[in-house]
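Reading the structure
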Amino acid sequence: MADVAEKAGVSRALVSIIFRNQAGAGRETRERVLRVADEIGYRPDSAARLLARGRSRTLGVMFTVHQTFHTDLITGIYPEAERLGYDVLLSGATYGRSEAKAIEALLSHRCEAVILLGPDADPAYLDALGQRTVAVSVSRRVPEARVDFVHSAEGKGVRQAMDHLVELGHRRIVHIDGGRGPGSAERRRAYRAAMRRHGLGDEARVIPGHHTEESGVETGRLLLGERDAGRPMPTAVLAGNDRCAMGLLMALTRAGVEVPRDLSVVGYDDSHLSHLMPIGLTTVRQDALLMAEHAVRFAVERLEDKELQPREAVLDPKLVVRGTSGPVPG
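Residues numbered from 1 in each chain as written. Predicted model: local features only at pLDDT ≥ 70, side-chain atom pairs only at ≥ 80, totals over all residues. Heavy atoms only, no water.

Some points on the sheet that holds strand β4 (residues 134-138)
- Read from one edge to the other, the open sheet built from six strands follows the order β2-β1-β3-β4-β5-β11, with strand pairing classed as parallel. With one partner strand each, in any of the chains shown, β2 (87-93) and β11 (312-315) form the two edges of the open sheet. When the angles between neighbouring strand axes are averaged without regard to direction, this sheet yields 15 degrees.
- Where β4 and strand β5 (residues 148-152) come together, three bridges link them in parallel fashion. (Pairing = 2+ DSSP bridges. Helix = DSSP H or I, 4+ residues; strand = E, 2+ residues; numbered from the N terminus. Axes fitted to C-alpha atoms, helices over the stretch in contact; angles between N-to-C directions.)

Here we look at the pairing of β2
- Judged from the seven bridges that link them, strand β1 (residues 58-64) and β2 form a sheet pairing that is parallel. Paired with Thr64 across the bridge in β2 is Ala93.
- A crossover connection joins β1 to the parallel β2 through helix α5 (residues 68-83); in handedness this β-α-β unit is right-handed. (Right-handed = clockwise from strand over helix to strand, strands pointing away.)

Observations regarding the sheet that holds strand β12 (residues 318-320)
- As summarised here, the arrangement of the six strands in space is β7-β6-β8-β9-β10-β12, forming an open sheet in which the pairing is mixed. If you trace the sheet from one side to the other, it starts and ends with β7 (205-207) and β12, each paired once. Strand after strand, the sheet turns through a mean of 25 degrees between neighbouring axes, direction not considered.
- Sheet topology places strand β6 (residues 173-176) next to strand β8 (residues 236-238); three bridges connect them, and they run parallel. Bridged to Ile173 within β8 is Ala236.
- This element, helix α8 (residues 154-167), spans β6, β8, β9 (264-269), β10 (282-285) and β12 of the sheet and lies at about 165 degrees to β9. (Contact = heavy atoms within 4.5 Å.)

Spelled out as structure tokens, the structure:
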């Protein structure tokens, strides 16, 4: 293909130059360049042109590799960003790669704004980041940081789950805590408040955990060990998120505990895996697509209007009842 360009007396460099300044070329030259460009497969570098103007029109997204709900959020981020004329660049945090490193990688690639999915970073770091660039935090609220926030009304979601279980007759309801995971503190407070509201304050029990399948498995082993030692098992468990709930279900079913006949389990998030199991997971649904749309719009609107102050969007969750919750045993 290079021969085609040489025969036409046009080099790749010249093709690039004329593409960037077609107004300065004659009609015959432009037509010849376009014909040769098509033959040699040349495509103008729009990213380079934007950078030359001081813009990349790229949104960076920091996510946690193993969090399935983050996958659902990313699915919603792409179409909204493209609709508004922006590209998306992803950077994952995982074991051995910190959130800070993932975020700095996005900034080094000239992302104009960053969207942080469930950040676990220190509030001071988030505030400093918000001073450097436009930043949006999804699923975690840090009031003292200068960033936009998009999250669900965690307390409302937990209340719906707890009301559902109490209506089914459950009294011994345990909550697996999500540790420092996004929304965990709010869910923990809402669980305790719901137990008190239903006159079950003395039955309240929070088991330390994390937003992982391993945490659910460990809790399952703990409860089974207590049962074998003669202590009554809870009749229902509200897990910190869907991944934790799935780990708990695995541990229970392997030990012969039937869900929901022997014990009910409720998750949180309604990630795409929650309805792909042999028995669908009852869970609190966060609208991932709507959260993603808000996050992208917040970022773009602040990029287009530098005087715009950070904002907050609080979305309503909804309990989705499937196969893991049922009447209290016996």
